[in-house]
Amino acid sequence: MTIQTSICPRCGQPTEEGFCPQCRAAEVRLLTCTPRVTAVYCPVCESQKRGKTWSDLHMPREDLIAELAVSATGIHEDAKDIRVTVRPEETGPNKTTCTIDVEATLYSVPVRGTCTTEILWQKESCDRCSRISGGYYEGIVQVRATNRRINAYEREVATKIAEQAEESLQQGGDRFSFISDLQETKDGVDITVGTQHLGQEIARMVTGALGGRFTTHPKLVGEKEGKALYRITYSIRLPFYQKGDVVVSRGGYFEVRDIDGHRLRVFDLQSGQGRTLAEDEIVRLLGNVREAESAIVVYTQPDVVGLMDPKTYVTRELDPVPWTFPVEGQPIRVLRDEEQDRLVIVG
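Computed from a predicted structure; not experimentally measured.

K.L.:
What's the story with the side chain of E166 in this structure? I'm lost.
P.N.:
Within the element layout of this structure, E166 appears in helix α4 (residues 152-171). Of the side chains with opposite charge, R128 lies nearest to the buried E166, which makes no salt bridge, at 7.1 Å. Side-chain polar atoms of E166 contact the backbone nitrogen of I179, separated by 2.8 Å. For E166, the contacting residues outside a window of four places in its chain are S177, F178, I179 and L198.

Below, the structure is given as structure tokens:
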């Protein structure tokens, strides 16, 4: 021992200054635990309340328990190399008791500590579910078709788009962009929405996918803080012809690729070229490529293609089309023209 070496006043061990590391660590309380913490959640959508704010950031229950337990734990600011273990136990229908074990280094001395906290689970209807249960809404999206009823495919697309728009906006933090009701009527689909933003997005996306146009029809329903409150009906009118329809015009077959007002951008199924048709140039509707059948290619020659009729299994000869490359033994998609008793290659 040198003259410069100090003596720990508690244990008498040599130390650089004051108490030795072991005695300093022994004097310090490594951790404390709040006796209990309350976790508020919505029993309907399982969103969680943090302070006064509801959040949709769901996490597995075990992860939430660990987070709440750690949040109730205070660890000394000088602790380093901290390792925390949470041991939960369900001690009641709405209570979880957590034992928190902490290992750390304090003034270069390994230390350990244990404390306990209770998590009280409290159910509360969130702001969004309260609006839904109270019948709150800001708009209705009505999906209809021009001079016809919408078909099953259009119903499915419109429904999926609405659900995707709802999920996207809510993930972006817009909790009130909910769908409170989605009804299929004989004429179309009615979608009741919690915000005008969601209604606008659904209308925009549905017409983008299926064509057509939409108009908005606001209705004054009241006033709040001096501002007028409106509910808006988003009236979607899908076109009479759909993307994928195969139509007959001037003796040829054309697949509809896009609709712009009363003009159709089409694909000539004989030449493989694009062109434009007016609605009044169309003689009749053959069907939609979604309804196409598969016909096996029996043989190919420079000026003829032999296909096995998928209904009769009889080989039928068709003129080849330059934009397809049929291979013997492989299927090719066709639509049936009952009026002309022929098969039409659609891809």
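More follows now that the structure is in view.
K.L.:
I tried to follow helix α2 (residues 61-71) on my own but got confused; where do I start?
P.N.:
Each full turn of the α-helix corresponds to 3.6 residues, which orients residues three or four apart in the same direction. Inspection of α2 places L64, I65, L68 and A69 among the buried residues, and these make up the whole buried set. With its buried residues spanning 130° around the axis, α2 presents them on a single face. When the buried face of α2 is taken as reference, the exposed residues oriented beyond 90 degrees from it are E62 and S71. On its buried face, α2 sits against β4 (36-41), β5 (48-50), β7 (73-75), β8 (80-92), β9 (95-106) and β10 (109-123).

K.L.:
Is there a simple way to explain the sheet that holds strand β16 (residues 245-249) in this structure?
P.N.:
The strands making up a sheet associate through hydrogen bonds between their backbones, and the pairing can be parallel or antiparallel. One open sheet holds the five strands; their spatial order is β19-β18-β17-β16-β20, and the pairing between them is antiparallel. With partners counted over all chains shown, the strands left at the sheet margins are β19 (274-278) and β20 (284-288), one partner each. Taken over all neighbouring pairs, the strand axes of this sheet differ in orientation by 40° on average, direction set aside. Relative to β20, β16 runs antiparallel, the two sharing four bridges. Within β20, the residue paired with V248 across the bridge is R284.

K.L.:
Help me out: how do you make sense of the state of the cysteines in this one?
P.N.:
Disulfide: a covalent bond connecting the sulfur atoms of a pair of cysteines. Under the defined criterion, the tally for this structure stands at one disulfide. With its sulfur 1.8 Å from that of its partner, C33 forms a disulfide with C115. Of this pair, C33 sits in strand β3 (residues 31-33) while C115 sits in strand β10; the two residues are 82 residues apart in sequence, bridging distant segments of the chain. Of the two residues, C33 and C115, both sit in the buried class.

Thresholds, definitions, all that
- The numbers attached to residues start from 1 for each chain and follow its sequence in the written order.
- Residue-level local features of this predicted model are given only where pLDDT is at least 70; pairs of side-chain atoms are given and counted only at 80 or more, and the full residue set underlies all totals for whole chains, interfaces and linings.
- Hydrogens and waters are ignored; side-chain quantities use all the structure's heavy atoms.
- Numbering of helices and strands runs from the N terminus; a helix is a DSSP stretch of H or I covering at least four residues, while a strand is a stretch of E covering at least two.
- Exposure is judged per residue with a 1.4 Å probe applied to protein chains only, and the accessible area is read against the type maximum: over 50% gives exposed, under 20% gives buried, and values in between give partly exposed.
- Positive charges come from Lys and Arg alone, negative charges from Asp and Glu alone, with His and the N- and C-terminal ends not counted.
- Throughout this description, the term salt bridge denotes a Lys or Arg side-chain nitrogen within 4 Å of a carboxyl oxygen of Asp or Glu.
- Whenever a nitrogen or oxygen atom comes within 3.5 Å of another N or O atom, the pair is scored as a polar contact, on the condition that within protein one atom can donate a hydrogen and the other can accept it, and that pairs from neighbouring residues in sequence are kept only if both atoms are in side chains.
- Contacts: residue pairs with any heavy atoms within 4.5 Å of one another.
- Along the arc lie the directions from the helix axis toward the C-beta atoms.
- Here, a strand pair is defined by DSSP locating no fewer than two bridges between the strands.
- Axis definition: a line fitted to C-alpha atoms, limited for helices to the stretch in contact. Angles are taken between N-to-C directions and run from 0 to 180 degrees.
- Whenever a pair of cysteine sulfur atoms sits within 2.5 Å, that pair is classed as a disulfide.

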